[in-house]
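# Structural description and commentary
Chain by chain, the residues:
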Amino acid sequence: MDLDIQGRTAVITGAAGGIGAAIASRLAREGVRVVIVDLAAEAAEKVAARIRDGGGEAMAVAADVTSADSVAAMMRTIADGFGGVDILVNNAGFTRDMRIGRMAEADWDAVIDVVLKGSFLCSRAVMEGMKERGWGRVISISSRAHLGNPGQTNYSAAKAGIIGFTKALALESGRSGITANAVAPGIIDTEAVRNLGHFEKIEAAARQITPVQRLGRVEDVADAVAFLASERASYITGEVLHVTGGRY
Ligand SMILES: NC(=O)c1ccc[n+]([C@@H]2O[C@H](COP(=O)([O-])OP(=O)(O)OC[C@H]3O[C@@H](n4cnc5c(N)ncnc54)[C@H](O)[C@@H]3O)[C@@H](O)[C@H]2O)c1
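All of these numbers come straight from a predicted model, not from anything done at the bench. (Residues numbered from 1 in each chain as written. Predicted model: local features only at pLDDT ≥ 70, side-chain atom pairs only at ≥ 80, totals over all residues. Heavy atoms only, no water.)

### Overview of the site of the ligand
So the rule is basically this: Put simply, a residue is near a molecule or strand once any heavy atom of it comes within 4 Å of that molecule or strand. The definition of a polar contact used here is a pair of N or O atoms within 3.5 Å, where within protein one atom must be able to donate a hydrogen and the other to accept one, and adjacent residues in sequence count solely through side-chain atom pairs. All accessible-area figures derive from a Shrake-Rupley calculation using a 1.4 Å probe, and residue coverage is judged against the displayed protein chains alone. Within this scheme a cavity is a closed region of a 1 Å grid, computed over the protein atoms alone, that accommodates a 1.4 Å probe without allowing it to escape, whereas a pocket is open but has protein on both sides within 12 Å along at least five of seven lines; lining residues each have an atom within 4 Å of a point. A cavity or pocket is said to hold a molecule if more than half of that molecule's atoms lie within 2 Å of its grid points. The way it works is that DSSP assigns letters per residue, a run of H or I at least four long becomes a helix, a run of E at least two long becomes a strand, and they are numbered from the N terminus.
Near the ligand there are 28 residues, and of these I19, D38, N91, Y155 and I188 occur at the shortest range. One of the backbone nitrogen or oxygen atoms of N91 is found 2.7 Å away from an oxygen atom of the ligand. When the ligand sits alone it has 820 Å² of accessible area, and the protein chains cover 86% of it. One can see that the ligand is located within the largest pocket. Contributions of two or more residues to the shell around the ligand are made by α1 (18-29), α5 (153-173) and α6 (191-194).

### A short note on the layout of surface pockets
Put simply, the test is: Grid points are joined across faces, edges and corners, and a volume is the space filled by probe spheres set on the points.
Estimated volume of the largest pocket: approximately 1,400 Å³. Lining of the largest pocket is provided by 48 residues; of these, F94, T95, Y155, A192 and V193 occupy positions nearest its centre. The set of elements that each furnish at least two residues to the lining of the largest pocket consists of α1, α5, α6 and α7 (199-209). Broken down by element, the lining of the largest pocket gets its largest block of residues, five residues, from α7.

### Points about the side chain of S176
Threshold: Here, two residues are considered to be in contact whenever any of their heavy atoms come within 4.5 Å of each other.
Checked against the element boundaries, S176 lands in the loop between α5 and β6 (178-185). Other than its neighbours up to four places away in sequence, S176 contacts M130, K131, G134 and W135.

### Remarks on the sheet that holds strand β4 (residues 87-90)
Just so we agree on the cut-off: For two strands to be treated as a pair, DSSP must find no fewer than two bridges joining them. A fitted line through C-alpha atoms serves as each axis, taken over the contacting stretch for helices, and the angle formed by two N-to-C directions is quoted from 0 to 180°.
Strand order in the open sheet formed by seven strands is β3-β2-β1-β4-β5-β6-β7, with parallel pairing between adjacent strands. Both outer strands of the open sheet, β3 (58-62) and β7 (240-243), are each paired with one neighbouring strand and no more. The mean angle between the axes of side-by-side strands here comes to 20°, regardless of whether they run parallel or antiparallel. Alignment of β4 against strand β5 (residues 136-141), held across four bridges, turns out to be parallel. Each residue of the ladder has a partner; that of N90, found in β5, is S140. This element, α5, spans β5, β6 and β7 of the sheet and lies at about 165° to β6. The strands touched by helix α8 (residues 218-229) within the sheet are β4, β5, β6 and β7, with β6 carrying the most contacts at an inclination of about 165°.

### A short note on the packing of α1 against α8
Basically, it comes down to this: Relative orientations are named as follows: roughly parallel for angles under 35 degrees, roughly antiparallel for angles over 145 degrees, roughly perpendicular for angles from 65 to 115 degrees, and oblique for any other angle. By convention the crossing between two helices is left-handed if the near helix lies anticlockwise of the far one by an angle smaller than a right angle, and right-handed if it lies clockwise. Residues are sorted three ways: Asp, Glu, Lys and Arg are charged, Ala, Val, Leu, Ile, Met, Phe, Trp, Tyr, Cys and Pro are nonpolar, and all the rest, Gly among them, are polar.
Between α1 and α8, the least distance of the axes is 8 Å, while the angle of their chain directions is 50°. Taken together, the axes of α1 and α8 are oblique relative to one another. In terms of crossing hand, the pair formed by α1 and α8 is right-handed. Residues G18, I19, A22, I23, R26 and L27 of α1 form the contact with α8, whose participating residues are V218, V221, A222, D223, V225, A226 and A229. When grouped by side-chain class, the residues that make up the contact of α1 with α8 number ten nonpolar, one polar and two charged.

### Things to note about the pairing of β5
In plain terms, the rule: Per-residue accessibility, obtained with a 1.4 Å probe over protein chains only, is compared with the maximum for each type, and a residue is labelled buried under 20%, exposed over 50%, and partly exposed between these values.
Burial within β5 is extensive, with six of its six residues counted as buried. Burial of the side chains of β5 extends over both faces: G136, V138 and S140 are buried on one face and R137, I139 and I141 on the other. Pairing between β5 and β6: six bridges, direction parallel. Bridging across to β6, R137 finds its partner in T179.

### Quick word on the packing of helix α4 (residues 105-133) against α5
Between α4 and α5, the least distance of the axes is 8 Å, while the angle of their chain directions is 15°. By the angle between their axes, α4 is roughly parallel relative to α5. Of the two elements, α4 crosses α5, and the hand of that crossing is right-handed. Note on element contacts: α5 touches α4 through T153, N154, Y155, A157, A158, K159, G161, I162, F165, L169 and S173, opposite D107, W108, V111, I112, V115, L116, S119, F120, S123 and M127. The residue makeup of the contact of α4 with α5, split by class, is 13 nonpolar, six polar and two charged.

Read these as layout, nothing more, since geometry by itself doesn't imply function.
This is the structure:
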């Protein structure tokens, strides 16, 4: 299937590793110019360099998606380097798990901020340009956790919030040729998941409870994002694409 997005420019937040880096590589393979945005400047540069070494076009921009000033500076750097943004992938996010009785206010705020405020600030920043050009894709990474996970009231609330955010944005922006969709991955084999410390148990459990009997791969998520970012998905908006191996 020809995704027909060659020459577009994509910004992927939180792309210094894991799922974000895989999305950036996948889009770059389609001839998309990719901007690797992350707090971790050095790691972001490495991802961009790897994509350039493979023949793709990539630049790294250090930014904090929870800061309006930082997002504005990021947009200026991207405008100087690559021009307008056609595709935004709101991927930056992390967990700060704890049962609610012991959850620190700071851990609630941090997760809500990076997922929801980050997606709001970055989407707001690209919206005007997308409207002017009459074409745009906003893809936000939710999670299967939007259905609720014990120990994740903050993360589940944020990831469910992403779905409401996406549906509202889709209604607001469809007339301008902009689609907004969410991708909700199940457990994906990433450094972040491996660092949880009981990876073998997680993998064994995933085999048992997932109909396709394996953990997800970063490429599984990247392929879903690439499709939603493409011309082929222009009649799909306000949707949630579950990349969970059939687990709900
Ligand atoms: N790994 C999974 O199993 C899984 C499952 C469902 C959803 N997700 C979601 O996918 C996304 C990527 O997860 P991952 O597993 O690749 O994690 P990751 O930790 O590898 O990637 C997240 C990146 O976000 C960056 N980041 C954090 N705060 C930031 C900020 N304020 N500004 C800019 N960048 C920031 C981090 O530096 C990191 O590079 C997250 O939104 C996560 O919630 C992951």
